[in-house]
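Breakdown of the fold
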Amino acid sequence: MSFQLKKVLIEKKDRKKIYEEMDDIFESGMLTLGKYTKRFEEKLSENLLGQDVITTNGGTSALEIAALALELEGHEVIVQSNTFVATPVSFIRAGAHVTFADCDKKYGALTVDEVKRLHTKKTKAVVMVHIGGIISPEVIKIQKYCKNNDLIFIEDAAHALGSKFESSPAGTFGDIATFSFYPTKIITSGEGGAITTKNKELSEKFKILRDQGKKDFNSNIHTQFGSNWRLSEVHAIIGYHQLNKLDQFIKSRKKVAEIYKNNLLNLGLEVILPERGISNWYKIIAKIDSKLNKEVIKKALINNGVKCEGEVYLLPCHKQPIFLPNNVSLPTTEEYTSSHICLGISSNMTEENAIEQSKLIKEVMKGILT
Ligand SMILES: *Cc1c(COP(=O)(O)O)cnc(C)c1O
């Protein structure tokens, strides 16, 4: 059986439960901020050591809430350039000045040395992204540095629901964390996201901002400048049933990752593994030997029928047209971009699919190496 990249897996028996619950909300007429959103938030909270979870209608919305809640006008925020454009843009929209940071060679994530290099009197927050679902050990150092220097540490954990560093889940290191349930992510609610924190004062503020700055759902008293960042009940139902599958998805993805790793030794491609933790295997990132050319490899793989996803980010943020005028140069980020590719993965991929893909890759790489 062939597999499809980025295929959303919603099994038949789960669809039945989803349809039944949709019928329930159609009967009740309660289509937003009802019991299914609450249930999804509680289940997410269980996965995140009990911290407060506020669902949103996207990962971007979660970032926008974080940015607004922190009152960043006139302040600087350090953001790794190796991320999706929504990460910096959300902070810029809230009036912050974003300073792009370089990344480490192996995981493509922020480092504490970069935070120190870019830290000024105006810095208020630091944003780290767990690229491809792997949490870099730097997370602990950055957390500590932020704490000691009164900086707010934010994890953009859009890639990393279910990943861990040592025994702590992604989203529990920062003062604030954000998640996305967009269809290409590890689990999906169609559109959706969440913002989480241990800080009760902040979580109360997030809840108010999500719903037009209203003091509470049934009042029409607006105490903050919010927006409509609510998740609908339909999406909360889908998200909940997907969340129940998270462990199963990670288990099957881990098998695929191991097959790739074991079959692709000494071929100029090294599958990156987490250190002292577990990846949710949102992406399977392979580092390309420095003597080889990424573009040549990518083309050869695709031409030979390999389902290769390309790079995590083909262009880091500082190289995107909207940020080119800033004229920033980040050598390690640029090197990271040009020296990795993502191997094909989806939650419904079988071990046979992974073996077949590995064989194809092996042939291509042998051809390139000889
Ligand atoms: C997907 C993603 C987002 C945005 O999430 P949406 O749900 O698409 O709004 C933000 N940051 C990162 C790192 C992402 O991968």
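Residues numbered from 1 in each chain as written. Predicted model: local features only at pLDDT ≥ 70, side-chain atom pairs only at ≥ 80, totals over all residues. Heavy atoms only, no water.

1. Digging into the nonpolar core
One finds Val 126, Ile 142 and Leu 161 to be the most contacted residues of the largest nonpolar core, which totals 46 residues. Among the secondary structure elements, those contributing two or more residues to this core are helix H1 (12-28), helix H2 (35-47), helix H5 (112-118), strand E4 (123-129), helix H6 (138-148), strand E8 (176-180), helix H8 (233-243) and helix H9 (246-263). At six residues, H8 tops the list of elements feeding residues into this core. Filtering out sequence-adjacent residues up to four positions away, Val 126 remains in contact with Ile 78, Leu 110, Val 115, Ile 142, Cys 146, Leu 151, Ile 152, Phe 153 and Ile 154. One finds Ala 66, Val 79, Leu 209 and Phe 323 within the second-largest nonpolar core, a separate group that totals 29 residues. (Core = buried A, V, L, I, M, F, W, Y, C linked by side-chain atoms within 4.5 Å. Buried < 20%, exposed > 50% of the residue type's maximum accessible area, 1.4 Å probe, protein only. Helix = DSSP H or I, 4+ residues; strand = E, 2+ residues; numbered from the N terminus. Contact = heavy atoms within 4.5 Å.)

2. Re the sheet that holds strand E11 (residues 277-278)
In spatial order, the strands read E7-E6-E11; together these three strands make up an open sheet with antiparallel pairing. Where the open sheet ends on each side, the last strands, each with one partner, are strand E7 (168-169) and E11. As defined by bridge partners, strand E6 (residues 164-165) adjoins E7 across two bridges and the pair is classed as antiparallel. What sits directly across from Phe 165, in E7, is Ser 168. (Pairing = 2+ DSSP bridges.)

3. Quick notes on the side chain of Asp 104
You can see Asp 104 is positioned in the loop between strand E3 (97-101) and H5. Of the buried charged residues, Asp 104 lacks a salt bridge, with Lys 287 as the closest side chain of opposite charge at 7.7 Å. At a separation of 3.0 Å, a polar atom in the side chain of Asp 104 contacts the main-chain amide nitrogen of Lys 106. Only 3.1 Å separates the side chain of Asp 104 from the backbone nitrogen of Gly 108, close enough to count as a polar contact. In this view, Asp 104 contacts Ala 109, Thr 111, Thr 332 and Tyr 336; residues no more than four positions away in its chain are not counted. (Lys, Arg positive; Asp, Glu negative; His and termini not counted. Salt bridge = Lys/Arg side-chain N within 4 Å of Asp/Glu carboxyl O. Polar contact = N/O pair within 3.5 Å; in protein donor to acceptor, adjacent residues only side chain to side chain.)

4. What about the site of the ligand?
Lining the immediate environment of the ligand, one finds 16 residues, of which Gly 59, Thr 60, Asp 156, Ser 180 and Lys 185 sit closest. Within the contact set of the ligand, an oxygen atom lies 2.6 Å away from a side-chain nitrogen or oxygen of Thr 60. Ser 180 places a side-chain nitrogen or oxygen 2.7 Å from an oxygen atom of the ligand. For the ligand, whose unbound accessible area comes to 380 Å², protein coverage reaches 91%. (Near = heavy atom within 4 Å. Areas by Shrake-Rupley, 256 points an atom, 1.4 Å probe, with all protein chains shown as cover.)

5. Quick look at H6
Taken as a whole, H6 has its buried residues at Glu 138, Val 139, Ile 142, Tyr 145 and Cys 146. Down the axis, H6 shows its buried residues gathered within 130° of arc, on one side only. Exposed side of H6, more than 90 degrees from the buried face: Lys 144, Lys 147 and Asn 148 are the residues found there. Of the surrounding elements, those touching the buried residues of H6 are H5, E4, strand E5 (152-156) and E6. Once H6 finishes, Asp 150 follows within two positions and takes phi at roughly 60°, a positive value. (Arc of directions from axis to C-beta.)

6. Side note on the pattern of salt bridges
What the rule picks out here adds up to 25 salt bridges. A salt bridge links Lys 205 to Glu 71; its shortest N-O distance comes to 2.9 Å. You can see Lys 205 sitting in helix H7 (residues 200-210) and its partner Glu 71 sitting in the loop between helix H3 (59-69) and strand E2 (76-80), a full 134 residues away along the chain. In this structure Lys 205 comes out as buried when scored by relative accessible area, which is 19%. You can call Glu 71 exposed: its relative accessible area is 53%. Lys 294 is the partner of Glu 311 in a salt bridge, and the nearest nitrogen-oxygen pair spans 2.7 Å. Of this pair, Glu 311 sits in the loop between strand E13 (308-310) and helix H11 (331-337) while Lys 294 sits in helix H10 (residues 294-303); the two residues are 17 residues apart in sequence, bridging distant segments of the chain. A single burial state applies to Glu 311 and to Lys 294, both of which are buried. If you follow the salt bridges from partner to partner, you end up with Glu 11, Lys 13, Asp 14, Lys 17 and Lys 245 in one network.

7. Considerations on the packing of H1 against H2
Interhelical geometry of H1 versus H2 gives an angle of 135° and a closest axis separation of 11 Å. Overall, the two elements H1 and H2 adopt an arrangement that is oblique. Across the interface between the two elements, Glu 21, Asp 24 and Ile 25 from H1 touch Lys 35, Tyr 36 and Arg 39 from H2. Its residues placed into classes, the contact of H1 with H2 shows two nonpolar, no polar and four charged. (Axes fitted to C-alpha atoms, helices over the stretch in contact; angles between N-to-C directions. Parallel < 35°, antiparallel > 145°, perpendicular 65-115°, else oblique. Nonpolar A, V, L, I, M, F, W, Y, C, P; charged D, E, K, R; others polar.)

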